[in-house]
Amino acid sequence: MNFFTLEHTAAPGKARAARITTDHGEIETPVFMPVGTQGTVKAVNQRSLKEDINARIILGNTYHLYLRPGAQILEKAGGLHQFMNWDRAILTDSGGYQVFSLSELRKLKPHGVEFRSHLDGSKHLFTPAIVIAAERSIGSDIMMPLDECTPYPCDYLYAKKSQELTSNWAVLNKEAFENSSPLYGHRQFLFGIVQGSVYKELREKSAHDLMKLDFDGHSIGGLAVGEPAETMYETIDFTTDILPQNKPRYLMGVGKPENILEAIARGVDMFDCVMPTRNARNAYLFTWNGILAMRNAQYKDDFTPPDADCTCYACTNFTRAYLRHLFIAEEILALELASIHNLHFYLDLTREARKRILDGSFYEWKDLISKKLVRKKLTEKEKQ
RNA sequence: GCCGCUGUAGCUCAGUUGGUUAGAGCGCUUGAUUGUGGAUCAAGAGGUCUUGGGUUCAAAUCCCGACAGCGGUA
């Protein structure tokens, strides 16, 4: 069975609908993948992830899982799917990003990166081979290779060095992948990660380097790290111009709803971001009518649903006033309900995008909906 | 009843030998959050310094009275 099947590209742009087939189920794209760093999507249990959100694929993180509980425990458990009782697909990030964002005392070497654990300060080494081995132990369906997430802003010379490092590591990642096998009887796929900061020439070089290695798919990394949104869109645009049509494209760590729609328009298939879950825990709800800061005093006696256009468990059963009360009282249920809602919204957004790509109305819909999505809550003035 | 201690922001409290526009933490209000720390960061509102007198160029600060709270005591 083909891993990737392109179903439709919506002219005149590059938006596409496709199907990814793993041994843990099919994934229709465009797709948003909830982030479950440590073997759990924070505040949302597995049953809810299926029944309330209908996620087909979630993320795990190699850096976090490698440090805790560790590869041995995961192997003893029979892999992450068994360990966390999730029989749908899992994608693992390599931990390249975490080595740079979380750990201290990291030393970048040609063969890998030395770092100290953010948990206990212990010393560790990540090389492409070590990361691939860890991802074999985890047993993720789709694996990310070790890369360097180039910071922003970044001068051309540093970006060039960084891109070359990621390309060199890509070769080693691919070798380690081919010289190892899955441990649990299901197939695992490996992507290559395009780096090169905001420089067109470097992104092109990076993409071409990876294409020679024939990965199962391509990730676009190093974006949404502080650059203006327009710069991010341009970078996505000239990167997807080069990447092959017959493989999935994954924009790592992005983003806001409007970012996702713009990236879909530029030919991206897969997304992940902490925003729906992290912001949910900070009482920040994404809705079809804009952003809802659920702690705001104006909602204390607002007995309407958080989002009247949403069919999620939270919106069909509870009011803004109740949700605000839960947040102010620091009740755990607030985190759960808000997380379910935000994930439901993000998945609905990409499902709707897919539907529109297939029926030919994507671009008009995107422009229309984007204006609503970025709108903040209505002020008293706007209501009148 | 008497003796002592204490009254400063919604709460807990700083506030030098009397000296510019009285501060902090928490809470509250409003933002931010992009390959996850429920974290963090930023900005803002909020005070007749219990009250009435007095001393002084100048009082949250010193003096006298009243009121309130706490502790001790008969």
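Residues numbered from 1 in each chain as written. Chains lettered and ligands numbered in written order. Predicted model: local features only at pLDDT ≥ 70, side-chain atom pairs only at ≥ 80, totals over all residues. Heavy atoms only, no water.

This part is about the overall build of chain A. Within chain A one finds 16 helices and 16 strands. Its C-alpha atoms give chain A a radius of gyration of 21 Å, within 12% of the compact-globule value 21 Å for 384 residues. With the principal axes as the frame, chain A shows a C-alpha extent of 60 × 50 × 45 Å. Going through the 384 residues of chain A one by one, you find that 55% of them count as buried. Expressed as a percentage of contacts within chain A between residues at least 6 apart in sequence, the contacts between residues at least 24 apart total 68%. By element, 51% of the accessible surface of chain A is carried by carbon and sulfur atoms, the whole surface being about 16,500 Å². (Helix = DSSP H or I, 4+ residues; strand = E, 2+ residues; numbered from the N terminus. Rg over C-alpha atoms; globule rule 2.2 N^0.38 Å. Buried < 20%, exposed > 50% of the residue type's maximum accessible area, 1.4 Å probe, protein only. Contact = heavy atoms within 4.5 Å. Areas by Shrake-Rupley, 256 points an atom, 1.4 Å probe, with all protein chains shown as cover.)

Turning our attention to the packing of helix 13 (residues 320–328) against helix 14 (residues 332–359). The contact between helix 13 and helix 14 brings their axes to 7 Å, and the two run at 130°. Our classification of the angle between helix 13 and helix 14 gives oblique. In the crossing of helix 13 with helix 14, the sense of the turn from one axis to the other is left-handed. Taken together, the residues of helix 14 that come into contact with helix 13 (itself represented by Tyr322, Leu323, Leu326 and Phe327) are Leu333, Ala334, Leu335, Leu337 and Ala338. Across the contact of helix 13 with helix 14, the residue classes break down as 9 nonpolar, no polar and no charged. (Axes fitted to C-alpha atoms, helices over the stretch in contact; angles between N-to-C directions. Parallel < 35°, antiparallel > 145°, perpendicular 65-115°, else oblique. Left-handed = near helix turned anticlockwise from the far one by under 90°. Nonpolar A, V, L, I, M, F, W, Y, C, P; charged D, E, K, R; others polar.)

In this description, a pair of aromatic rings is defined by centroid distance and the angle of the planes. Enumeration over the complete set of coordinates arrives at 15 aromatic pairs. Relative to Tyr346, the ring of Phe345 lies with its centre 6.2 Å away and its plane at 75°, an arrangement referred to as edge-to-face. Residues Phe345 and Tyr346 agree in their burial class; the two are buried. Sitting above the plane of the Phe215 ring, Lys174 keeps its charged end 5.5 Å from the centroid. (Phe/Tyr/Trp six-rings, centres within 6.5 Å; stacked < 30°, edge-to-face > 60°. Lys NZ or Arg CZ within 6 Å of the ring centre and 35° of its normal.)

Of the pairings in the sheet, the one linking strand 8 (residues 112–116) to strand 9 (residues 123–126) comprises 4 bridges and is antiparallel in character. By the bridge assignment, Val113 is partnered in strand 9 with Phe126. What sits between strand 8 and strand 9 in their antiparallel hairpin is a turn of 6 residues, with Gly121 showing a positive phi close to 80°. (Pairing = 2+ DSSP bridges.)

Another aspect to go through is the confidence of the model for chain A. Caution applies to low-pLDDT parts of the model: their predicted coordinates are not meant to be read in detail. When the pLDDT values of chain A are averaged, the result is 94; 97% of them are 70 or greater. Scoring the predicted complex yields pTM 0.94 and, for the interface, ipTM 0.89. (pLDDT = per-residue confidence, 0-100.)

Between helix 6 (residues 128–138) and helix 7 (residues 156–178), the shortest axis-to-axis distance is 8 Å and the interhelical angle comes to 40°. Relative to helix 7, the element helix 6 is oriented oblique. Crossing geometry of helix 6 relative to helix 7 is assigned as right-handed. On helix 7, the residues that touch Pro128, Ala129, Ile132 and Arg136 of helix 6 are Trp169, Leu172, Asn173, Ala176 and Phe177. Of the residues belonging to the contact of helix 6 with helix 7, the class tally is 7 nonpolar, 1 polar and 1 charged.

The next thing to look at is the layout of surface pockets. Where empty space is left becomes clear once a probe the size of a water molecule has been rolled over the atoms. Its volume calculated, the largest pocket comes out at about 1,100 Å³. Lining the largest pocket are 45 residues; nearest its centre among them are Tyr97, Gln98, Gly253, Asp272 and Val274. Contributions of two or more residues to the lining of the largest pocket are made by strand 5 (57–61), helix 5 (96–101), helix 9 (229–240), helix 10 (257–265) and helix 11 (275–281). The dominant element in the lining of the largest pocket, judged by the number of residues it contributes, is helix 11, at 5 residues. Tallied by class, residues from the lining of the largest pocket come to 18 nonpolar, 18 polar and 9 charged. (1 Å grid on protein atoms, 1.4 Å probe; cavity = no way out; pocket = protein on both sides within 12 Å on 5 of 7 lines; lining within 4 Å. Points joined across faces, edges and corners; volume = space filled by probe spheres on them.)

This next bit is on the pattern of salt bridges. Evaluation of the coordinates by the stated rule reveals 23 salt bridges. A salt bridge links Asp209 to Lys212, with the nearest nitrogen and oxygen atoms 3.9 Å apart. Taken together, the residues span about one helical turn, with Asp209 and Lys212 both in helix 8 (residues 200–213) at a distance of 3 residues. According to the relative accessible area criterion, Asp209 is buried, its value standing at 14%. A salt bridge links Glu262 to Lys366; the nearest nitrogen and oxygen atoms lie 3.3 Å apart. In this pair, Glu262 sits in helix 10 while Lys366 sits in helix 15 (residues 362–374), placing the two residues 104 residues apart along the sequence. A relative accessible area of 15% places Glu262 in the buried class. Residues participating in the shared-partner salt-bridge network are Glu7, Arg19, Glu26, Glu28 and Arg354. (Salt bridge = Lys/Arg side-chain N within 4 Å of Asp/Glu carboxyl O.)

Below, the discussion takes up the environment of Glu135. Inspection of the secondary structure assignment puts Glu135 in helix 6. Look at Glu135 and you get buried, because its relative accessible area is 0%. Each C-alpha atom, one on Glu135 and one on Pro182, is 9.2 Å from the other, the two residues being 47 residues apart in sequence. Excluding residues that lie within four positions of it along the chain, Glu135 makes contacts with Thr62, Thr92, Asp93, Ser94, Ser140, Met143, Met144 and Gln188.

Our focus in this paragraph is the sheet that holds strand 2 (residues 15–22). If you walk across this open sheet you meet the 3 strands as 1-2-3, and the pairing is antiparallel. A strand with exactly one partner marks an edge of an open sheet, and here the two such strands are strand 1 (4–10) and strand 3 (25–29). Pairwise comparison of adjacent strand axes, ignoring direction, gives a mean angle of 10° for this sheet. With 6 bridges joining them, strand 1 and strand 2 adopt antiparallel strand pairing. Residue Ala10 lies in a different strand from strand 2, and its bridge partner there is Ala15. Helix 14 contacts strand 1, strand 2 and strand 3 of the sheet and is inclined by roughly 120° relative to strand 2.

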